[in-house]
Amino acid sequence: METISSRSGNRLRNKRYTKRRDLYGWLFAMPAILGLLIFTLGPMIYSLYMSFTDYTGSNSPTFTGLDNYRRMFSGEDQYFYKSLAVTFYFVILSVPTGIIYSFLLAILLNQNVKGKAVFRTIFYLPSIVPIIAISFIWLWLLNPDLGLANELLRSLGLPGSQWIFGEKTVVPSLALMNLWTTGGTMIIFLAGLQDIPRSLYEAIEMDGGTRLDKLRHITIPLMTPTIFFNLIMGIINGFQVFSQAYVMTNGGPNNASLFYVFYLYREAFQFSRMGSASAIAWVLFAIIMILTYVVFRTSNKWVYYEGDGAR
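Here, residues in each chain are numbered from 1, in the same order as that chain's written sequence. Residue-level local features of this predicted model are given only where pLDDT is at least 70; pairs of side-chain atoms are given and counted only at 80 or more, and the full residue set underlies all totals for whole chains, interfaces and linings. For the side-chain quantities, the full set of heavy atoms in the structure was used; hydrogens and water were omitted.

Identification of the protein as ABC transporter permease subunit from Paenibacillus macerans is taken from an unreviewed UniProt entry. Taken verbatim from the UniProt record of the protein, the Subcellular location (unreviewed entry) comment is "Cell membrane". UniProt positions are given in the numbering used here, feature names are shortened, and annotations may be inferred rather than shown by experiment. In its Sequence similarities (unreviewed entry) section, the UniProt entry covering the protein states "Belongs to the binding-protein-dependent transport system permease family."

Here you go:
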């Protein structure tokens with residue numbers, strides 16, 4: 001009887017301890033949960049409702065159904081497809097070049113050379129500089145008349161460029177500028193490279209493999225999970241580009257750099273069409289979700305995870 005009573009008492013104490021532990025866990029997690037509900041999910045749900053209304057910020061929201069979406073997709077709003085085309089063009093240019101550039105840079109900075117920590121710091125620093133400051137620096141560098149970029153071209157006997165002041169060159173110029181801020185991506189690649197076992201390189205060296213063989217058969221396959229992660233983040237960040245157009249070009253010339261988020265900003269804060277801006281934001285959310293899903297679905301054909309083969 002004493003043994004049964006003792007066991008019942010232990011179970012009761014364990015149950016009370018478990019409840020108290022769960023309560024403490026919820027209490028510690030509550031600030032993050034409330035922050036998510038109040039500052040993220042709540043505004044998202046409200047903006048979804050707003051996307052079906054006519055609201056300017058000074059009037060009461062008037063429910064209009066799918067009118068905001070019809071206005072966009074029917075072409076009545078001439079800037080919707082223009083901003084989509086400009087943003088897709090920027091993503092197609094900036095994401096692959098950014099990944100390739102930062103990957104090659106990480107390989108170089110992974111070599112056992114003197115002062116590599118200094119070089120890593122130098123290449124990483126631009127990524128922590130505020131984008132507004134970077135935009136002003138590049139605004140001077142890409143000035144057609146007094147900028148350093150054209151001065152370098154002229155010193156080499158090459159013709160200058162209009163850079164961000166030309167309709168055909170503004171998006172490639174901004175994609176070029178984007179390479180300067182890939183330090184974070186480079187650090188992620190560097191961490192992935194340092195995780196590759198040295199024994200694999202030694203094995204291919206014993207078989208007479210070259211550096212190109214190491215790159216093709218070891219480095220790139222084992223780095224595909226990191227490439228996959230950076231690809232997803234690059235797509236998400238590329239579709240949300242805003243500050244460069246806001247500071248450097250104001251969407252010009254002739255709306256050639258009217259990025260999607262800048263178009264959203266104009267609808268909301270310049271034209272006071274909050275309902276339309278909410279609809280634009282939800283279309284962007286859907287585009288990013290679809291592209292992310294496509295990349296995830298196709299990743300099993302090229303992403304390699306050690307021990308599992310393909311993903």
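So, next bit.
The next thing to look at is the packing of helix H3 (residues 78–109) against helix H4 (residues 116–124). Under this scheme, a helix contributes an axis fitted over its contacting stretch, all axes are lines through C-alpha atoms, and angles between N-to-C directions fall in the 0 to 180 degree range. Only DSSP runs of H or I covering at least 4 residues are called helices, and only runs of E covering at least 2 are called strands; the numbering of each starts at the N terminus. Between H3 and H4, the least distance of the axes is 10 Å, while the angle of their chain directions is 160°. Taken together, the axis directions place H3 and H4 in an arrangement best described as roughly antiparallel. The chirality of how H3 crosses H4 is left-handed. Where H3 approaches H4, its residues Tyr101, Leu105 and Leu109 are matched on the opposing element by Lys116, Phe119, Arg120 and Phe123. Any angle between 65 and 115 degrees counts as roughly perpendicular, while under 35 counts as roughly parallel, over 145 as roughly antiparallel, and the rest as oblique. The sense of a crossing depends on the near helix, which, turned anticlockwise from the far helix by less than a right angle, makes the crossing left-handed and, turned clockwise, makes it right-handed. In what follows, a contact means two residues having at least one pair of non-hydrogen atoms within 4.5 Å.

Turning our attention to the UniProt feature "transmembrane region" (unreviewed entry) in the protein. When the UniProt feature table is mapped onto this chain, "transmembrane region" (unreviewed entry) is found at residues 23–46, 86–109, 121–141, 177–197, 218–239 and 277–296. Within residues 177–197, the helical portion is 67% and the strand portion 0%, while the C-alpha atoms at the span's ends are 34 Å from each other.

The salt bridge definition used is simple: a Lys or Arg side-chain nitrogen within 4 Å of an Asp or Glu carboxyl oxygen. One pass over the full model with this rule turns up 9 salt bridges. Aspartate 67 is paired through a salt bridge with arginine 70; the nearest N and O atoms lie 2.9 Å apart. Here aspartate 67 and its partner arginine 70 are both found in helix H2 (residues 67–73), 3 residues apart, which amounts to about one turn of the helix. Overall, aspartate 67 belongs to the partly exposed group, its relative accessible area being 31%. Three labels apply to residues, based on accessible area from a 1.4 Å probe with only protein chains included: buried if under 20% of the type maximum, exposed if over 50%, partly exposed otherwise in between. When its relative accessible area of 41% is taken as the criterion, arginine 70 is described as partly exposed. Across the pair arginine 198 and glutamate 205 runs a salt bridge whose closest N-O atoms are separated by 3.3 Å.

Buried within helix H5 (residues 131–141) we find Ile134, Ser135, Trp138 and Leu141. The buried residues of H5 occupy one face: seen down the axis, they fall within an arc of 120°. Directions pointing from the helix axis toward each C-beta atom define the arc.

Okay, the environment of threonine 182 next. For threonine 182, the position within the fold is in the loop between helix H7 (170–178) and helix H8 (183–194). Among the residues examined, threonine 182 registers a relative accessible area of 7% and is labelled buried. Separated by 18 residues in sequence, threonine 182 and leucine 200 have C-alpha atoms that sit 28 Å apart.

With that out of the way, let us pick up the packing of aromatic side chains. Under the pairing criterion, centres of Phe, Tyr and Trp rings, with the six-membered ring standing for Trp, must be within 6.5 Å; the plane angle then separates stacked pairs below 30 degrees from edge-to-face pairs above 60, leaving the rest tilted. Across all of its chains, the model carries 20 aromatic pairs by this definition. Note on phenylalanine 73 and phenylalanine 80: the rings are 5.2 Å apart at their centroids and 75° apart in plane angle, and the pair reads as edge-to-face. When the ring of phenylalanine 228 is compared with that of phenylalanine 296, the centres are 5.0 Å apart and the planes differ by 90°; the resulting orientation is edge-to-face. Of the two residues, phenylalanine 228 is situated in helix H10 (residues 211–239) and phenylalanine 296 in helix H13 (residues 274–298); the sequence distance between them amounts to 68 residues. The class of phenylalanine 228 is buried, set by a relative accessible area of 6%. The partly exposed category is assigned to phenylalanine 296, whose relative accessible area is 35%. Connected via pairs of aromatic rings, a cluster forms that spans Phe73, Phe80, Tyr81, Tyr260 and Tyr263. The criterion is that NZ of a Lys, or CZ of an Arg, lies within 6 Å of the ring centre and within 35 degrees of the ring normal, and then a charge sits over that ring. Here arginine 266 stacks its cationic end above the ring of tyrosine 79, 5.1 Å away from the centre of that ring.

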